[in-house]
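Fold and geometry: a report
The lines below spell out each chain.
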Amino acid sequence: MGIHLLYIEDDAEIGTWVNDDLKGRGYEVTWLQNGERAVDHAAGCRLVILDVMLPGLDGFTVGQRLKKAYPDLPILMLSARTSIDDKLEGLQFADDYVTKPFHPDELAARIEVLLRRSGSYSSEALALGHLLVYERENRIMNKDTGEEIVLTGKQFQIFMYLLRHLGQILTKEQIYEGVWGDPYLDGDKTLMVHIRYLREKLERDPANPEIIETIRGVGYRVKA
Amino acid sequence: MRKTKLPKPRFRGSLLSRYLLLILIALLFIPVLFPASVIGYQVVQNMAIGNALPDAGIQPEERYQTIHLEKMWHNEAKRLKGSTPEEIDRRLRELSEEYAKVDMFWVDADSHVRQPAGGRLHLPETWDAADAISYMKRYRGATQQFSVIAFIGDDEKLNRGFMVMQVSKAAIGPRDGGLSARESMVFFGIILLMFVLFIIVSWMFFMNMRRRLLRLQSAMTVQDGSGLPDPIAVRKSDEIGQLEAAFNGMVDRLDRSLKREREEEELRKRLIANLSHDLRTPLTVVRSHVYSLQKEQLSERGQELLKLTETKLGDLAGLIDNLLSYNLLTSGKYTLHPERIDVLRIVRESAAAWYPLWEKEGFEADIDLPEGPVYWMLDAQWFRRILDNLFQNVVRHARSGQYIGIRTATDAAGGLAIVIADKGKGMQASSGDKGAGIGLAIVGFLTREMGLGMEIRSAEGGTSVMISPAAGDEPGLKLR
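Residues numbered from 1 in each chain as written. Chains lettered and ligands numbered in written order. Predicted model: local features only at pLDDT ≥ 70, side-chain atom pairs only at ≥ 80, totals over all residues. Heavy atoms only, no water.

A look at the pattern of salt bridges
This model, assessed by the stated rule, comprises 32 salt bridges over all chains. With a shortest N-O distance of 4.0 Å, E359 of chain B and K223 of chain A are connected by a salt bridge. Remark: K223 of chain A occurs in the segment after β12 (219-222) and E359 of chain B occurs in helix α10 (residues 343-361); the pair is interchain, linking two chains. Assessed through its relative accessible area of 32%, E359 of chain B is described here as partly exposed. Residue K223 of chain A is classed as partly exposed on the basis of its relative accessible area, which comes to 45%. Shared partners join several salt bridges into a network, and the residues in it are E177 of chain A together with R345, E349 and R384 of chain B. (Salt bridge = Lys/Arg side-chain N within 4 Å of Asp/Glu carboxyl O. Helix = DSSP H or I, 4+ residues; strand = E, 2+ residues; numbered from the N terminus. Buried < 20%, exposed > 50% of the residue type's maximum accessible area, 1.4 Å probe, protein only.)

A word on the nonpolar core
In terms of nonpolar packing, the biggest core is built from 45 residues, with V343, W358, W376, F383, I406 and I467 of chain B touching the most fellow members. Secondary-structure elements contributing two or more residues to this core are α10, β7 (375-378), α11 (380-397), β8 (403-410), β9 (416-422), α12 (436-449), β10 (453-459) and β11 (462-468) of chain B. Other than its neighbours up to four places away in sequence, W358 of chain B contacts A351, F363, A365, I367, F391, V395, I404 and I406 of chain B. Counting 28 residues, the second-largest nonpolar core is a separate cluster that includes L128, I149, I175 and V222 of chain A. (Core = buried A, V, L, I, M, F, W, Y, C linked by side-chain atoms within 4.5 Å. Contact = heavy atoms within 4.5 Å.)

Overview of the pairing of β10 of chain B
All names here are of chain B. Pairing geometry for β10 and β11, over 7 bridges, is antiparallel. Bridge pairing links A459 to G462 in β11. Connecting β10 to the antiparallel partner β11 that follows it, the hairpin turn spans 2 residues. (Pairing = 2+ DSSP bridges.)

Topic: the sheet that holds β12 of chain A
Hydrogen bonds between backbone groups are what pair the strands of a sheet, and the pairing can be parallel or antiparallel. Residue and element names in this part refer to chain A. Sheet architecture is open: 3 strands sit in the order β10-β12-β11, paired in antiparallel fashion. This sheet does not close on itself; its edge strands, each paired only once, are β10 (169-171) and β11 (212-215). Taking each pair of neighbouring strands and ignoring which way they run, the sheet shows an average axis angle of 35 degrees. Judged from the 4 bridges that link them, β11 and β12 form a sheet pairing that is antiparallel. By the bridge assignment, I215 is partnered in β12 with G219. Sitting on the sheet, helix α6 (residues 153-164) is in contact with β10, β11 and β12, with an inclination near 75 degrees to β12. Where helix α8 (residues 190-202) meets the sheet, its contacts fall on β11 and β12, and the angle it forms with β11 comes to roughly 140 degrees. (Axes fitted to C-alpha atoms, helices over the stretch in contact; angles between N-to-C directions.)

Here we look at the environment of V107 of chain B
All names here are of chain B. With respect to the helices and strands, the residue V107 is situated in strand β1 (residues 103-107). Judged by its relative accessible area of 2%, V107 falls in the buried class. Through-space distance from the C-alpha of V107 to that of T126 is 7.9 Å; in sequence the pair is 19 residues apart. The contacts of V107, once residues within four sequence positions are left out, are H112, V113, W127, R160, G161 and F162.

Here's the deal with α6 of chain A
An ideal rise of 1.5 Å per residue puts 16 Å on 12 residues; α6 of chain A measures up with 16 Å between its terminal C-alpha atoms. Those residues of α6 of chain A that fall on the buried side of the exposure criterion are Q155, F156, I158, F159, M160, Y161, L162 and L163 of chain A. (Expected span 1.5 Å × (residues − 1).)

Looking at the environment of L50 of chain A
Residues and elements named next belong to chain A. Along the chain, L50 turns up in strand β3 (residues 47-51). Residue classification places L50 among the buried positions, given a relative accessible area of 0%. When the C-alpha atoms of L50 and G63 are compared, they prove to be 7.3 Å apart, with 13 residues separating the residues in sequence. With near-sequence residues (within four places) excluded, L50 lies in contact with I8, G59, V62, G63, I75, L76, M77, L78 and F93.

In structure tokens:
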């Protein structure tokens, strides 16, 4: 059984298409054409895809109600409206924002990222190069040697943070603040030291990293 | 141009009439006012003397006025008609006591000179014609003496003799024959007062005019919330009053046209907002069909056309997005919240978000930013929007260069600037891909609002956009 998503969209044509596309990707989708009973249907869902322009209750109100009922439920806003203040208003409760017209691949990628970030991803092992990562069990296996890789607490936190943002480039500031929870201070080498040790443990060749990629001038990325 | 007809001000109550009145008064000053005041003064003086009794109601000093003395002497002479010489002697004695400064004597019908006791004059015993002549020669012509001769009974034909009084002009003071110091002071005072009054009235006339014009001027410069001056209260119907009324009319018309303009602007913005929403929904549908079509078995040519269609759909969506954003931005819906922010951090985060797309498009991303934080006063949301638009322009319009460079540079003022460069064909080149304009217009608007400077250099080998806290003064293509 696939992951259950709640999809709220009034436009029949777009709704049909997205519904079919998501089902084709293995998700179980509940599609509602208005937001009146969204909270009732949200039970058991892992993620909500919410259109802003809805008849009756607008998407923002529905989103706020959902967030109140299920604070941990990720909400992806989907809208034809793009304006800075819509984004701000939406992001107060929404976890991400996709504007119409969107590419189904983009939507699917955002859904994946959100699910991963919310920690509600499958118990199946994630294959990254020569690594197998069991997120639920906090276990990392080296396929080449068949040995488990043991990380220190901070190393593990950093790696998990990168995994939750799989495929996303994260700046040093974002990683530091995401893991340590403190504001990043200029010239702080702590993170770079941790990354170096992490690579020594994870990479086949720490001089040419394949798992944790350096994006020059920007940050780091773990590619799916 | 339509001309609004205003009623002509009536002559009465107009500035013109009041000004003419002033001029008229000024003209009447010399030929009328001076003589009138002189005559008026004399009439008043004469009335005062004429009404006065010799020994009552007259001030001691006024008794010695020549005009009064002369009148008194003739009156006394008239009253002594038929009196005995003894009675005349007695009356003269009384009078000489009353008028101590005056010397008096009389000559009876028998030509005997009779002087009251204590008289100071040296007179002959009898008075013949020769004495009369010599007296007249001595006193009447003298300038230092004032004398009056009256026949007893004030009638020559009675032949009862005559009475003479004489007084030194020094004794009666300078008023003799002219005005006393007090009188001339009063007279000149009145003239001066009239001059001052005239000046005050003219001054008030012009000050009043000036005050009203200044009020009008300040009313024109003071603005209310809408940027228009407030109407002014019209108090008079003269020329300035007409001007004020015309001013009010103008303010009213401006106000109405401004309201109309705002309504039209509001309508236009609502239209664009609705339109872009209404366009986006079918666009999503079209895109979904294109996507579905890509999964079908198509010829190579078919796939190629489909890819092109998808690209164009993306451009169209971006264009609508920008149109809506520009519409919302310029309607002043967003308020700027500048904070002290590390600009490099925002640039890095923004580049991180765009990086996958550059990778996908095969761009070489050359990002070279220093480590340390660089703080600018920015609204992070707005600055991200600027970067998004610039990056989007590179992807859309400089695809041929396959390059994006993000680095820092030193601006004209010696400060740090962010440079975004590509190796496209340049902005002047007609890439067939229009639509960079509105994206740049948004960037221009946002940088201006945040007090940032933007400098664009575009050549055939590529375009670079430099953003710095201060407006750069170096030559280059600049946005409005």
